[in-house]
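# Coordinates in review
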Amino acid sequence: MLAALIAQYGLLAVFLGSAIEGETVAFLGGVSAHRHLLPFWAVACAAAIGSFLADQIFFFLGRWASASPRIARLAEKPIAAKVKALLERHPTTFILSFRFLYGMRTISPIIIGLSGVPARTFVVLNAIAAAVWGLVIPAVGYFFSDLVESLVGRLHLHVHLLIGLVVVAALAGALTLWGRRRLMRDEDR
C-alpha cells in the first residue's frame, strides 16, 4: 500500500515538500527512485521546481511586503542579520548556496528580496541553484539507498524510508551545529 501511494502521489509530494520543507522530502524522493517507485529525473525536476517556486515567492514577498509588520519582525531576528551580512559580502555565492545552508533556507530569499539585488539576477541565480539542489539531494538519497542495500540487503520499504529519515535528521542536526558555530566565529571577527 505504501509503495502504491508513493508511486501515485510521490512526485506531487516531492514538489510540495521541496517547496515547504526541503531536504528530507527530496532525499526520500531519491530513495523512492532507487526503489523504482518514481523516475529519478522526474524526482529531480519536481524537487528543483518546488524549491525554485517557493524561493521566488519568498523573494517577492520580501520585495513587495517589506512594510508588513510580520516581515519587519522577521527582518529583526538575529539570523536575518547574519543572512544580510553574508549577502552583502558575497551576494552571488550566497544566492547560489543558501538553500544548502540548513536553517537559512526560508528566511534568506525574504532578506534577499528586502535587499537591492535585482529581481532578474535573483531569478537566474535561483534557477541555477534550484537545478543543482534538485539534482544533488535526490541523488544523495538514491546513492545512500544503494549503499544501504549493498551493506544489509534489500529492506522493506518502510524500514528503508525510516533509515533515510534518521540519516537526514542526523545530517541536518550536524549541519545546523556546524553552521551555527561558523556563524558565531564569523560574528566574533
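Everything that follows concerns the structure shown earlier in this document.
Scope of this entry: the structure provided in the associated data block. (Residues numbered from 1 in each chain as written. Predicted model: local features only at pLDDT ≥ 70, side-chain atom pairs only at ≥ 80, totals over all residues. Heavy atoms only, no water.)

## A closer look at the overall build of the chain
Note the following rule: In this description a helix means any DSSP run of H or I spanning at least four residues, a strand means any run of E spanning at least two, and both kinds are numbered starting from the N terminus. The contact criterion used is simple: two residues touch if any of their non-hydrogen atoms lie within 4.5 Å. For accessible areas, the Shrake-Rupley method is used with a probe of radius 1.4 Å. Any residue's cover is judged against the shown protein chains and nothing else.
Across its full length, the chain carries 9 helices and 0 strands. Secondary structure of the chain in N-to-C order comes out as α-α-α-α-α-α-α-α-α. Excluding contacts between residues fewer than 6 apart, the proportion of contacts in the chain whose partners are at least 24 apart in sequence is 80%. Here the chain has roughly 10500 Å² of accessible surface; of this, 69% comes from carbon and sulfur atoms.

## Describing the pattern of salt bridges
Keep this limit in mind: A carboxyl oxygen of Asp or Glu within 4 Å of a side-chain nitrogen of Lys or Arg is what we treat as a salt bridge. For every residue, the accessible area obtained with a 1.4 Å probe (protein chains only) is divided by the maximum for its type, and the residue is called buried under 20%, exposed over 50%, and partly exposed between those limits.
For the coordinates displayed, the defined rule picks out 1 salt bridge. As a salt-bridge pair, Asp-55 and Arg-99 come within 2.3 Å of each other at their nearest N and O atoms. Of this pair, Asp-55 sits in helix H3 (residues 40-64) while Arg-99 is found in the loop between helix H6 (91-97) and helix H7 (107-114), placing the two residues 44 residues apart along the sequence. Taken as a pair, Asp-55 and Arg-99 share a single burial class, namely buried.

## Remarks on the side chain of Ser-51
Position of Ser-51 among the secondary structure elements: in helix H3. In this structure Ser-51 comes out as buried when scored by relative accessible area, which is 0%. Sequence-distant contacts of Ser-51, defined by excluding residues within four places in its chain, comprise Ser-18, Ala-19, Arg-99, Arg-105, Ala-130 and Trp-133.

## Side note on unusual backbone geometry
Negative phi values dominate among residues other than glycine, just as trans dominates among peptide bonds. Positioned with a positive phi, His-36 is a non-glycine residue whose angle comes to about 65°. Tracing the backbone shows His-36 in the loop between helix H2 (23-34) and H3. Residue His-36 is classed as exposed on the basis of its relative accessible area of 67%.

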